[in-house]
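# Residue-level structure breakdown
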Amino acid sequence: LGPLRAGGALRVRVGYMSSDFGGHTVGSLIRNLLKLHNRHRSHVCGIGMMKGDGTEWNLEMQASTDTWLSIHDMSDQAAAFAIDALQIHILIDLNGHSKGARAGVLLRRPSPLIISYLG
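Our subject in this report is the structure included herewith. Keep in mind that this is a model prediction, so the values were computed, not measured.

## As for the overall build of the chain
When helices and strands are tallied, the chain shows 5 helices and 6 strands. Considering the chain as a whole, with its 119 residues, one finds that 44% of them fall into the buried category. Excluding contacts between residues fewer than 6 apart, the proportion of contacts in the chain whose partners are at least 24 apart in sequence is 66%. Accessible surface computed for the chain: about 6400 Å², of which carbon and sulfur atoms make up 55%.

## Observations regarding unusual backbone geometry
Phi is positive for Gln87, which is not a glycine, with a value near 55°. In this structure, Gln87 sits in the loop between helix 4 (76-85) and strand 5 (90-93). The phi angle at Arg109 is positive, at roughly 50°, despite the residue not being glycine. Its location among the elements puts Arg109 in the loop between helix 5 (103-106) and strand 6 (113-116).

## Digging into the nonpolar core
Grouped together as the largest cluster of nonpolar side chains are 15 residues, with contacts concentrated most on Met17, Ile47, Leu69, Ile71, Ile83, Ile88 and Leu91. Of all the secondary structure elements, the ones that give two or more residues to this core are strand 3 (42-48), helix 4 and helix 5. By residue number, the principal contributor to this core is helix 4, which donates 4 residues. Excluding anything up to four places from it in sequence, Ile47 contacts Tyr16, Met17, Ser18, Phe21, Trp68, Leu69, Ile71, Ile83, Ile88 and Leu91. Listed in part, the 11 residues of the second largest apolar core include Val14, Ile30, Leu34 and Met61.

## Re the environment of Leu10
Relative to the helices and strands, Leu10 is located in strand 2 (residues 9-18). Along the sequence, Leu10 and Arg41 sit 31 residues apart, while their C-alpha atoms lie 6.1 Å from each other.

## Quick notes on the environment of Asp20
For Asp20, the position within the fold is in the loop between strand 2 and helix 1 (25-30). Residue classification places Asp20 among the buried positions, given a relative accessible area of 13%. It is 7.8 Å that separates the C-alpha atoms of Asp20 and Gly48, two residues lying 28 residues apart in sequence.

## Some remarks on the pattern of salt bridges
All chains considered together, the criterion is met by 3 salt bridges. For the salt bridge of Lys35 with Glu60, the shortest nitrogen-to-oxygen distance reads 2.6 Å. Residue Lys35 is located in helix 2 (residues 33-36), and its partner Glu60 is located in helix 3 (residues 56-63); the two are separated by 25 residues in the primary sequence. With relative accessibility at 43%, the residue Lys35 sits in the partly exposed group. Here Arg102 makes a salt bridge to Asp76, at a shortest N to O gap of 2.9 Å. With Arg102 in the loop between strand 5 and helix 5 and Asp76 in helix 4, the pair connects residues that are 26 residues apart, well separated along the chain. Overall, Arg102 belongs to the buried group, its relative accessible area being 15%. By relative accessible area, which is 27% here, Asp76 ends up partly exposed.

Quick notes on the rules
- Residues numbered from 1 in each chain as written.
- Predicted model: local features only at pLDDT ≥ 70, side-chain atom pairs only at ≥ 80, totals over all residues.
- Heavy atoms only, no water.
- Helix = DSSP H or I, 4+ residues; strand = E, 2+ residues; numbered from the N terminus.
- Buried < 20%, exposed > 50% of the residue type's maximum accessible area, 1.4 Å probe, protein only.
- Contact = heavy atoms within 4.5 Å.
- Areas by Shrake-Rupley, 256 points an atom, 1.4 Å probe, with all protein chains shown as cover.
- Core = buried A, V, L, I, M, F, W, Y, C linked by side-chain atoms within 4.5 Å.
- Salt bridge = Lys/Arg side-chain N within 4 Å of Asp/Glu carboxyl O.

So, to be careful, I would describe these as geometric facts and stop short of saying anything about function.
As structure tokens, then:
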């Protein structure tokens, strides 16, 4: 994986994967986090594992990312390939073992570094 370059600066690709990008506690906790990344140094990808619910929070979180990928209707293998194609350096799993988790995607190692947070 090569980092993106914006004006000569290196940009790390960070992906957040969750089934709770919406009116949920996880959504509440990361709602502003997505906006706080330094966009000169990072490229933020949101990976939604849920069917988009069209709520204000869900749409706001999608708009707060540089790239949005919905894997709701994808098999674990297809989702892993789609995430791999984003060339994410750090993938942050916000579900852990909670409802909606997609361990089958993570087992396929779609990113060199996978971190579990919150879930």
